[in-house]
Amino acid sequence: MTTASTGDPMVRAVDLHKRFGPVTALDGVSLDVAAGEVVAIIGASGSGKSTLLSCLNHLSPPDKGEVWVGGKRAGGDPAARLSRRAVEADLRRFRADIGMVFQHFNLFPHFSVLQNLIEAPMAVRGRSRAEATEHARALLAQVGLADKEKAFPAELSGGQQQRVAIARALAMKPAVMLFDEPTSALDPELVDEVLRVMRDLARQGMTMLVVTHEMSFAEDVADRLVFFDRGRIVESGPPREILRTPQHERTRSFLQRLLRRGA
Amino acid sequence: MKLDFSILTVVWPALLNGTLVTIALTLSVLAIATPLGILVALGRGARSSALRSGLAAASWVFRGVPPLLILFFAFFALPVVGVKLPPLPSAIIAMSAYMAFYFGEVFRSGLLSVPAGQWRAAEALGLSPVHTLLRIVLPQTLPAALPPYISHATEVLKGTALAAAVAVPELTSAAKQVFVVTYRPFEILIAAAAIYAVLDSALLLLQWRGERWAARRRAVRPR
Ligand SMILES: Nc1ncnc2c1ncn2[C@@H]1O[C@H](COP(=O)(O)OP(=O)(O)OP(=O)(O)O)[C@@H](O)[C@H]1O
Ligand SMILES: [Mg+2]
């Protein structure tokens, strides 16, 4: 993909609005993420965190606002007056550059682990099977699952499935990775193996947006913490500062609730 | 009365011809009605409410009237408006028409059995809707859709006997023609039943293969 000139953000969201009927899920969210930056997003249930991620890759396009990734605008140049088909095709290319990891993994259960990793690179990127397989094997080794390429998803633990899902997203060589509560569907003892993979990824310089309730991960790994409330970013800054001395009343009460729950 | 199956050494060519017609009719109907059924299922979940209600009405009509009536319609009524077809193609068209709506119901519940997260995951990877349907979603409908699909396919096989009424020389009518001249209805009808049983088993084998394929590939978490 065309990389942004140095200094331009890798991800730029401008004034995103999104409603679902009477519910305002996003109420004017703007966010710049620099290349290699890791942003952790926290906030109460229903505050719009998932909606933000699916607006960023236009799985559900915002009602208003713009998204740029790697210097490319989602949906193409509005001045070009593209047909609906052309916009859809542009969005598919746009999404291919954005890796997404879901809470419930959403692996393709009828494909082997290897096929899960090579399907999209072959179909979307036009890679050869040999090329896609070689890259997939390297990624499986990276997430510690080199011996599982022939397994089917149902034969893996939740932690293993989520690591496969991360590898599947990486197989597209994305410019940025979005994680939506990647560990909250996992048994506690499986959380660490997934966080470890994400930590490695951050260390390698991947640009990441991570919705999470894992505060220690946010504190150790994220460069910036963003607190969401009722469809808005109410506070944003270095994780340690926000966690120690939250400025906003709603951030304070959210963190207190989280502490009481023992998260 | 003693059964004497040696008569079959004389009449087998007629029964074989009937069997081949029955197989050709069954396979043609399955080959046409299956993709049509998938389209019907997709159409019934479409955004356009006109398309949805049109298909619901057509489904109600085609599944509500006797199949024989639809066969008569294609063979006797269509020629009146200038569409004149030989018996076999006419029977293929008639049976495909109503089977498309039975299969439409099968695939509709099959498609609904695939979690929305599968579409989202495929879309997030940049896969096209057609690719997602063919490679990701349809194969996953197999566990839910296969048993009813095979039982409908068995109905197609048995239903080919109806085509005798529009002059298609399939197995049941071939058997009848043979026993009315030989006066050996027992032996010949038993032989025909045995042939149907073998053809049925082929469909059951298909189901068994499909279930084995799906066993390791089961959905991880229903949602
Ligand atoms: N597809 C949808 N249809 C209707 N309402 C929706 C839809 N998606 C989200 N919403 C609503 O939008 C609001 C924001 O939802 P969102 O899922 O983004 O919150 P969240 O911060 O991710 O919450 P959680 O922590 O529970 O995942 C909620 O009120 C939710 O009910
Ligand atoms: Mg969410």
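Reading the values: rules and limits
Residues numbered from 1 in each chain as written. Chains lettered and ligands numbered in written order. Predicted model: local features only at pLDDT ≥ 70, side-chain atom pairs only at ≥ 80, totals over all residues. Heavy atoms only, no water. Helix = DSSP H or I, 4+ residues; strand = E, 2+ residues; numbered from the N terminus. Buried < 20%, exposed > 50% of the residue type's maximum accessible area, 1.4 Å probe, protein only. Contact = heavy atoms within 4.5 Å. Areas by Shrake-Rupley, 256 points an atom, 1.4 Å probe, with all protein chains shown as cover. Lys, Arg positive; Asp, Glu negative; His and termini not counted. Charge placed at Lys NZ, Arg CZ, Asp CG, Glu CD. Near = heavy atom within 4 Å. Polar contact = N/O pair within 3.5 Å; in protein donor to acceptor, adjacent residues only side chain to side chain. Nonpolar A, V, L, I, M, F, W, Y, C, P; charged D, E, K, R; others polar. Pairing = 2+ DSSP bridges. Axes fitted to C-alpha atoms, helices over the stretch in contact; angles between N-to-C directions. Phe/Tyr/Trp six-rings, centres within 6.5 Å; stacked < 30°, edge-to-face > 60°. Lys NZ or Arg CZ within 6 Å of the ring centre and 35° of its normal. Salt bridge = Lys/Arg side-chain N within 4 Å of Asp/Glu carboxyl O.

Broken down by element type, chain A carries nine helices and ten strands. Along the longest, intermediate and shortest principal axes, the C-alpha atoms of chain A span 55 × 50 × 40 Å. A burial count over chain A gives 56% of its 263 residues as buried. Across chain A, the fraction of contacts at a sequence separation of at least 24, relative to all contacts at a separation of at least 6, is 66%. With an accessible surface of roughly 11,500 Å², chain A has 48% of that area assigned to carbon and sulfur atoms. Counting 35 positive and 32 negative side-chain charges, chain A places the averaged centre of each group 4 Å from the other.

Our next topic: the site of ligand 1. All names here are of chain A. The environment of ligand 1 is made up of Phe20, Val23, Ala25, Ala44, Ser45, Gly46, Ser47, Gly48, Lys49, Ser50, Thr51 and Glu181. One of the side-chain nitrogen or oxygen atoms of Thr51 is found 2.4 Å away from an oxygen atom of ligand 1. Of all elements in the fold, only strand 2 (23-33) and helix 1 (49-56) reach the threshold of two or more residues within the shell around ligand 1. Sort the elements by how many residues they give to the shell around ligand 1 and helix 1 lands first, with three residues. Residues belonging to the shell around ligand 1 are distributed by class as follows: four nonpolar, six polar and two charged.

Take the pairing of strand 3 (residues 38-43) of chain A next. All names here are of chain A. Buried residues dominate strand 3, accounting for six of its six residues. Residue alternation in strand 3 divides its side chains into two sets, Val38, Ala40 and Ile42 and Val39, Ile41 and Gly43, and both sets are buried. In terms of strand pairing, strand 3 meets strand 9 (residues 224-229) through five bridges, oriented parallel. Along strand 9, the bridge assignment pairs Val39 with Arg224.

Turning to the sheet that holds strand 7 (residues 176-180) of chain A, a few remarks are in order. All names here are of chain A. Read from one edge of the open sheet, six strands run 6-7-8-3-9-10, paired in mixed fashion. Looking along the sheet, the strands with just one partner apiece sit at the ends: strand 6 (98-101) and strand 10 (232-237). Here the strands of the sheet are splayed against their neighbours by 20° on average, with no regard to which way each runs. Here five bridges tie strand 7 to strand 8 (residues 207-211), and the two strands are oriented parallel to one another. Bridge pairing in strand 8 links Asp180 to Val211. Across the sheet, helix 9 (residues 249-261) touches strand 3, strand 9 and strand 10, and the angle it forms with strand 9 is around 100°.

Residues and elements named next belong to chain B. In this structure the tally under the stated criterion is eight aromatic pairs over all chains. Within the aromatic cluster, the residues linked to one another by ring pairs are Phe72, Phe75 and Phe76. Its end group placed over the ring of Tyr102, Arg63 keeps NZ or CZ at 6.0 Å from the ring centre.

Glancing now at the pattern of salt bridges. All names here are of chain A. Tallied over the entire structure, the rule returns 25 salt bridges over all chains. Linking Arg199 and Asp220 is a salt bridge whose minimum nitrogen-to-oxygen distance equals 3.7 Å. A residue pair is termed long-range when its members are at least 10 positions apart, and Arg199 in helix 6 (residues 188-203) and Asp220 in helix 7 (residues 215-221) qualify at 21 residues. Among the residues examined, Arg199 registers a relative accessible area of 25% and is labelled partly exposed.

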